[in-house]
Every structure is written in structure tokens, then in C-alpha cells.
Amino acid sequence: AAAGPVPVEITDTGYAMPERVPGGVIAMRFRNTGSLPHEFALGRIDAGRTAAEAEAVVPALVAGEDGPGWLEDVGGVPLLTPGAEITITRVLEPGTYVAFDAVPDTDGVRGLERGLLTTFVVEGDSGAAPPVPDAVVTAAETRFVVPPLNAGTSTLELRNASGAGRGFLLG
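Figured I'd write up the structure that's included with this text. These figures come from a predicted structure and were not determined experimentally. Note that residues are indexed from 1 along each chain, following the sequence as it is written. Local features are withheld for residues below a pLDDT of 70 in this predicted model, meaning they are given only at 70 or higher, and side-chain atom pairs are given and counted only at 80 or more; totals for whole chains, interfaces and linings count all residues. Side-chain figures throughout are based on the complete set of non-hydrogen atoms in the structure, without hydrogens or water.

## Structural notes on the overall build of the chain
What counts as a helix is a DSSP run of H or I of at least four residues, what counts as a strand is a run of E of at least two, and both are numbered from the N terminus. When helices and strands are tallied, the chain shows 1 helix and 12 strands. Starting at the N terminus, the α and β elements of the chain follow one another as β-β-β-β-β-α-β-β-β-β-β-β-β. In terms of overall dimensions, the chain is globule-like: its C-alpha atoms have a radius of gyration of 16 Å, near the 16 Å expected for 171 residues. If you line up the chain on its principal axes, its C-alpha atoms span 40 × 40 × 35 Å. Restricting the calculation to C-alpha atoms gives the radius of gyration, and the globule rule supplies 2.2 Å times the number of residues raised to the power 0.38.

## Thoughts on the pairing of strand S1 (residues 6-10)
Residues Val6, Val8 and Ile10 of S1 are buried on one face, while the alternating residues Pro7 and Glu9, pointing to the opposite face, are not. When DSSP finds at least two bridges between two strands, those strands are taken to pair. As paired strands, S1 and strand S4 (residues 24-32) are joined by 5 bridges and run parallel to one another. Bridge assignment links valine 8 to a residue of S4, and that residue is phenylalanine 30. Where S1 meets strand S2 (residues 15-16), 2 bridges bridge the pair, whose relative direction is antiparallel. The residue of S2 that forms the bridge with isoleucine 10 is tyrosine 15. Exposure is judged per residue with a 1.4 Å probe applied to protein chains only, and the accessible area is read against the type maximum: over 50% gives exposed, under 20% gives buried, and values in between give partly exposed.

## Considerations on the nonpolar core
For this analysis, a nonpolar core means a set of buried residues of the types Ala, Val, Leu, Ile, Met, Phe, Trp, Tyr and Cys, connected via side-chain atoms within 4.5 Å. In terms of nonpolar packing, the biggest core is built from 21 residues, with Met28, Phe30, Phe40, Leu42 and Phe120 touching the most fellow members. Within the residue set of this core, elements represented by two or more residues are S1, S4, strand S5 (38-45), strand S6 (71-80), strand S8 (95-100) and strand S9 (117-123). Other than its neighbours up to four places away in sequence, phenylalanine 30 contacts Val8, Ile10, Phe40, Val77, Leu80, Ala84, Glu85, Ile86 and Ile88. Among the nonpolar cores identified, the runner-up in size contains 12 residues, and Val58, Val62, Val98 and Leu112 belong to it. Here a residue-residue contact requires only that any non-hydrogen atoms of the pair lie within 4.5 Å.

## Section: the sheet that holds strand S7 (residues 85-92)
Strand order in the open sheet formed by 4 strands is S2-S1-S4-S7, and the pairing between neighbours is mixed. With partners counted over all chains shown, the strands left at the sheet margins are S2 and S7, one partner each.

## Examining helix H1 (residues 51-62)
Helix length check: H1, at 12 residues, gives a terminal C-alpha distance of 17 Å against a target of 16 Å (1.5 Å per residue), a fit within 8%. Buried within H1 we find Ala54, Val58 and Val62. Down the axis of H1, the buried side of the element spans an arc of 60°, and every buried residue falls inside it. Exposed side of H1, more than 90 degrees from the buried face: Ala52 and Ala56 are the residues found there. Here the buried face of H1 lies against S5, S6, S8 and S9. Backbone geometry just downstream of H1 places glycine 64 in the positive-phi region, at approximately 100°. One less than the number of residues in a helix, times 1.5 Å, gives the span that helix is expected to have. Directions pointing from the helix axis toward each C-beta atom define the arc.

## As for the pattern of salt bridges
The rule for a salt bridge is simple: a side-chain nitrogen of Lys or Arg has to be within 4 Å of a carboxyl oxygen of Asp or Glu. Scanning all chains against the criterion turns up 6 salt bridges. In this structure, glutamate 9 engages arginine 31 in a salt bridge whose closest nitrogen and oxygen atoms are separated by 3.7 Å. Here arginine 31 lies in strand S4 and glutamate 9 lies in strand S1, a separation of 22 residues in the sequence. Notably, a salt bridge pairs glutamate 157 with arginine 159, separated by 2.7 Å at the nearest N-O pair. With relative accessibility at 29%, the residue glutamate 157 sits in the partly exposed group. Arginine 159 gets classed as partly exposed once you look at its relative accessible area, which sits at 42%.

## Things to note about the sheet that holds strand S3 (residues 20-22)
Here 5 strands make up an open sheet; going across it, the order is S3-S9-S8-S5-S6 and the pairing mixed. For this open sheet the edge positions go to S3 and S6, each flanked by a neighbour on one side alone. Averaged over all neighbouring strand pairs, the angle between strand axes comes to 30°, with direction disregarded. Where S8 meets S9, 6 bridges bridge the pair, whose relative direction is antiparallel. Bridge pairing in S9 links phenylalanine 100 to leucine 117. Axis definition: a line fitted to C-alpha atoms, limited for helices to the stretch in contact. Angles are taken between N-to-C directions and run from 0 to 180 degrees. Sitting on the sheet, H1 is in contact with S5, S6, S8 and S9, with an inclination near 35° to S8.

Structure follows, in C-alpha cells:
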């Protein structure tokens, strides 16, 4: 079994998290300790490219421009309201990643413009196995298939069977 979840604290001006995290199956606990809603958009930087290059192109991506082929969108954590917390377990390949918050505040200033942009390195393999889910939620071509869920804390496996990119927003 892997060690406890990697802590990621999201404030109104930055992320507090380790600079290096284990690869393979990894759990990350995201907590929004700020006063605004925040996200954790995540991209993997191809080998041969730098964190500085990725940080330089993120504003253009957020503005709707096409991204470079060397920065792969690998999802992330959707909007977290102040005080919210979520733990996500996923597979992260070794490499360098960029994380940012594109959510604007009430003045229209995006999180990344207030310092919510960081890079971190994923290395090695945790050796952990994914948790056994309580239920599987599937994104089909035109709908989500959601089985009956019990109240309380659950472990959900999210599957994309749509043949296209899909986002899962849990609330």
C-alpha cells in the first residue's frame, strides 16, 4: 500500500505541495483553504521541454488558444469551493507537470495571475494498487451512467467510454 495522500493546499495566492511526488498509483488530497473557489488543472510536460516553457504557454491556453503538442492535458481537480476537500487517486507517469487555476475571481482576475501556477516532478513508482471502488460512473457518448450510491463517503471509479474527452464534475 502507498503512503498517505500527497497534501495539496490551495490558497487564494498559490499552491502548497511537495516539489516531488511518487509516480504510479498515487492519492492526492486537495484542500481549498482560500476564500475563493479554485481548481487544479493539470498538464504533463514532454521530456526535453522545461517547466518555464510550460508556465509561459499556460496563459494562452486559458485564453482559448491551441496548446503545444508537448503539453498534455491530463485533467485535474474541478472547482473546489472554500473549505472543500477531495482526495483523488490516479496514475501519474514520471515526468514534470504544471498545475494552475484558471478560475477568475469577482474582478475577472484568474487564479494563475495571482500565483496559482506551479510545477512539480513525478518520479519512480509508488508500487500501490488502485483502491477497490464502491461504484463505477461511466461517461457514455451522450450521457453519464451512474449507479445508485449510498450517502456518505464513497470511492468512485470514473470511466470514459465515450470515445471523446469528457469531464466529471462531482458536487
